[in-house]
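Understanding the architecture of this molecule
Here is what each chain is made of, one letter per residue.
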Amino acid sequence: MGGKYVEKSVSTRNLSLLSKARNHLKAIMLGAKLFIRPIRITYRYPIVKEIPQEGYRGFIVLDDQKCIGCSLCARICPASAMKMFQPQEKKLRPAINYERCVFCGYCVDICPENALKHARTHDVVFESGESMLYIGEKFTVDPDTQLLTGNVRMYRVKVDDKRGLIYEPIR
Ligand code: SF4
Ligand code: SF4
């Protein structure tokens, strides 16, 4: 196949003087607009936090009262992050290792008792590998309750046709 692909850069395009002046003016106007009214695309974490939309697949919380210890969540986990364990004289319960979890949500979807749910929290700092293992009572604490009562400003991200991503304050 013959043919030649020739890419013309902006500088080599045959623009008239008037077009060039118009483009320069547009760029200057845009710069002035952003200087007067800057569009923030970042926020001051952790003073300001983003609340993900409903249905966000954040951390997973176990409702110990609902769990029947069937092990389906551990069996379906593609990353071997969910494992069953049985503390002495207690019932068989799942535990999750966030070092391995890929947040696919299979475990939540397959649970026949709705004993697992996703929290909307996704930003947690771990100090060690061991602290990423959620076992026993630790796995039953909903991180959203801490997030929603914390002394932080909260925003929800929205897509605006003209301005792109915008942060709508919700608290
Ligand atoms: S979310 Fe996915 S990877 Fe994480 S524990 Fe559940 S099934 Fe495993
Ligand atoms: S699938 Fe649900 S009921 Fe079964 S062990 Fe996991 S959390 Fe418990």
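Here the structure is a predicted model, which means the values were calculated and not measured. (Residues numbered from 1 in each chain as written. Chains lettered and ligands numbered in written order. Predicted model: local features only at pLDDT ≥ 70, side-chain atom pairs only at ≥ 80, totals over all residues. Heavy atoms only, no water.)

1. Here's the deal with the sheet that holds strand β1 (residues 48-50)
- Across the sheet, three strands lie side by side as β1-β7-β8; this open sheet has mixed pairing. Bordering the open sheet on either side are β1 and β8 (164-169), each of which pairs with just one other strand. Averaged over all pairs of adjacent strands, the angle between their axes in this sheet comes to 40°, without regard to strand direction.
- The sheet contact formed by β1 and strand β7 (residues 153-160) spans three bridges and is parallel. Across the sheet, the residue bridging to E50 is Y155, located in β7. (Pairing = 2+ DSSP bridges. Helix = DSSP H or I, 4+ residues; strand = E, 2+ residues; numbered from the N terminus. Axes fitted to C-alpha atoms, helices over the stretch in contact; angles between N-to-C directions.)

2. Here we look at the sheet that holds strand β6 (residues 133-134)
- Taken together, the three strands give an open sheet; going across it, the order is β3-β4-β6, and neighbouring strands pair in antiparallel fashion. Only two strands of the sheet have a single partner each, and these edge strands are β3 (82-85) and β6.
- Here β3 pairs with strand β4 (residues 93-97) via four bridges, running antiparallel. Along β4, the bridge assignment pairs K83 with A95.

3. Some thoughts on the site of ligand 2
- The environment of ligand 2 is made up of 14 residues, and the closest members are C67, C70, S71, C73 and C111.
- By residue class, the composition of the shell around ligand 2 is 12 nonpolar, two polar and no charged. (Near = heavy atom within 4 Å. Nonpolar A, V, L, I, M, F, W, Y, C, P; charged D, E, K, R; others polar.)

4. A word on the site of ligand 1
- Looking at ligand 1, there are 14 residues lining it, with C77, C101, C104, G105 and C107 nearest.
- Here the residues of the shell around ligand 1 sort into 13 nonpolar, one polar and no charged.

5. Quick look at the packing of aromatic side chains
- For the structure on display, the rule yields eight aromatic pairs.
- Ring centres 4.5 Å apart and planes at 55° place the aromatic pair F59 and Y98 in the tilted group. Taken as a pair, F59 in the loop between β1 and β2 (60-62) and Y98 in the loop between β4 and α3 (106-110) lie far apart in primary sequence, 39 residues in all.
- Judged by its relative accessible area of 6%, F59 falls in the buried class.
- Seen in terms of ring centroids, F59 and F103 are 5.6 Å apart; in terms of plane orientation they differ by 70°. Their pairing is edge-to-face. One end of the pair, F59, is in the loop between β1 and β2; the other, F103, is in the loop between β4 and α3, with 44 residues separating them in the sequence.
- The class for F103 is partly exposed, based on a relative accessible area of 25%.
- Each residue in the set F59, Y98, F103, F126 and Y134 is aromatic and connected to the rest through ring pairs, giving one cluster.
- Positioned above the aromatic ring of Y134, the side-chain terminus of K138 is 4.5 Å from the ring centre. (Phe/Tyr/Trp six-rings, centres within 6.5 Å; stacked < 30°, edge-to-face > 60°. Buried < 20%, exposed > 50% of the residue type's maximum accessible area, 1.4 Å probe, protein only. Lys NZ or Arg CZ within 6 Å of the ring centre and 35° of its normal.)

6. Considerations on the nonpolar core
- Among the nonpolar cores identified, the biggest contains 21 residues, and I60, M82, I96, Y98, C107, L116 and F139 are the most heavily contacted of them.
- Going through the elements one at a time, β2, α2 (72-76) and α3 are the ones with two or more residues in this core.
- Non-local contacts of I60, meaning those with residues more than four positions away in its chain, are made with I96, Y98, C101, C107, V108, L116, K117, H118 and F139. (Core = buried A, V, L, I, M, F, W, Y, C linked by side-chain atoms within 4.5 Å. Contact = heavy atoms within 4.5 Å.)

7. Re unusual backbone geometry
- Phi is positive for S80, which is not a glycine, with a value near 55°.
- Looking at S80, the relative accessible area reads 34%, which means it is partly exposed.
- One non-glycine residue with positive phi stands out, namely N114, at about 50°.
- Positionally, N114 belongs in the loop between α3 and β5 (116-118).
- Of the residues examined, N114 reaches a relative accessible area of 55% and is grouped as exposed.

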